[in-house]
Amino acid sequence: MTNFKINAEYITPIAQIEFEHLDEKYKKAQVIGIFLTYIVLMGLCLLLLLADSIWWCISFEIALAIALAINLSIVSKAYQIKGYALREYDITYRSGFIFTKITTIPYSRLQQVTIKQNPISKFCRLYTVEIVNGAQGLSSLNIPGFPESTAKQIKNLLTEKLQQEND
């Protein structure tokens, strides 16, 4: 193994990486999840009516409706930022709206790649690619919002890279 010096001008800056966007259905799955959460919370607020607290119930329902509107506006903006990039030696995932987070995992650190679903993503026919790496602080990376064919392609590619690194 060699340890050659790398000239910084040949390294692609993070700002110039072209990220692939997640499937459009992923945004719909997030909206469904948010609505289900708020419906449950609003239903729980109705329990305040049993305690003759109609004003508390109304104020909590209004607060939840405002929070729902804010949350839905943030989801659409966060969706535009989320993306992934498969490069020659690593995979990079970008997420976050207020605080953008970019995570890069070199293929040499891959330990396991799986695809999974939760109930909402199953309803929308979407999959999450889970990448387990050798880092202590960040033991896995979940990239959501793939149709089945894309998730399987990414899993196969990463599995091949994993086998190449182990050979």
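Check the entry above for the structure.
This report concerns the structure included in the present document.

About the cut-offs
Residues numbered from 1 in each chain as written. Predicted model: local features only at pLDDT ≥ 70, side-chain atom pairs only at ≥ 80, totals over all residues. Heavy atoms only, no water. Helix = DSSP H or I, 4+ residues; strand = E, 2+ residues; numbered from the N terminus. Rg over C-alpha atoms; globule rule 2.2 N^0.38 Å. Buried < 20%, exposed > 50% of the residue type's maximum accessible area, 1.4 Å probe, protein only. Areas by Shrake-Rupley, 256 points an atom, 1.4 Å probe, with all protein chains shown as cover. Lys, Arg positive; Asp, Glu negative; His and termini not counted. Charge placed at Lys NZ, Arg CZ, Asp CG, Glu CD. Core = buried A, V, L, I, M, F, W, Y, C linked by side-chain atoms within 4.5 Å. Pairing = 2+ DSSP bridges. Axes fitted to C-alpha atoms, helices over the stretch in contact; angles between N-to-C directions.

**Focus: the overall build of the chain**
Step number 1: A tally of helices and strands in the chain yields 4 helices and 7 strands.
Step number 2: Ordered by position from the N terminus, the helices and strands of the chain form the series β-α-α-β-β-β-β-α-β-β-α.
Step number 3: A compact globule built from 167 residues would reach a C-alpha radius of gyration of about 15 Å, whereas the chain, at 21 Å, exceeds it by more than 25%.
Step number 4: When each of the 167 residues of the chain is scored for burial, the buried share is 31%.
Step number 5: Carbon and sulfur atoms form 58% of the exposed surface of the chain, whose accessible area is close to 11,400 Å².
Step number 6: Across the chain, the 16 positively charged side chains and the 14 negatively charged ones have centroids separated by 2 Å.

**Some words on the nonpolar core**
Step number 1: Ranked by size, the top nonpolar core spans 23 residues in total, and within it Leu-22, Ile-131, Ile-143, Phe-146 and Leu-158 carry the most contacts.
Step number 2: Top contributing element to this core by residue count: helix H4 (residues 148-166), with 4 residues.
Step number 3: With 6 residues, the next largest nonpolar core counts Ile-34, Cys-45, Leu-64 and Val-75 among its residues.

**Digging into the sheet that holds strand E5 (residues 110-116)**
Step number 1: The 3 strands lie next to each other as E5-E6-E7, forming an open sheet whose pairing is antiparallel. Two strands lie at the open edges of the sheet, namely E5 and strand E7 (140-146), each paired on one side alone. Averaged over all adjacent pairs, the angle separating strand axes in this sheet is 15 degrees, with direction ignored.
Step number 2: Bridge count between strand E6 (residues 127-133) and E7: 5 bridges; the pairing is antiparallel. Paired with Ile-131 across the bridge in E7 is Leu-141.

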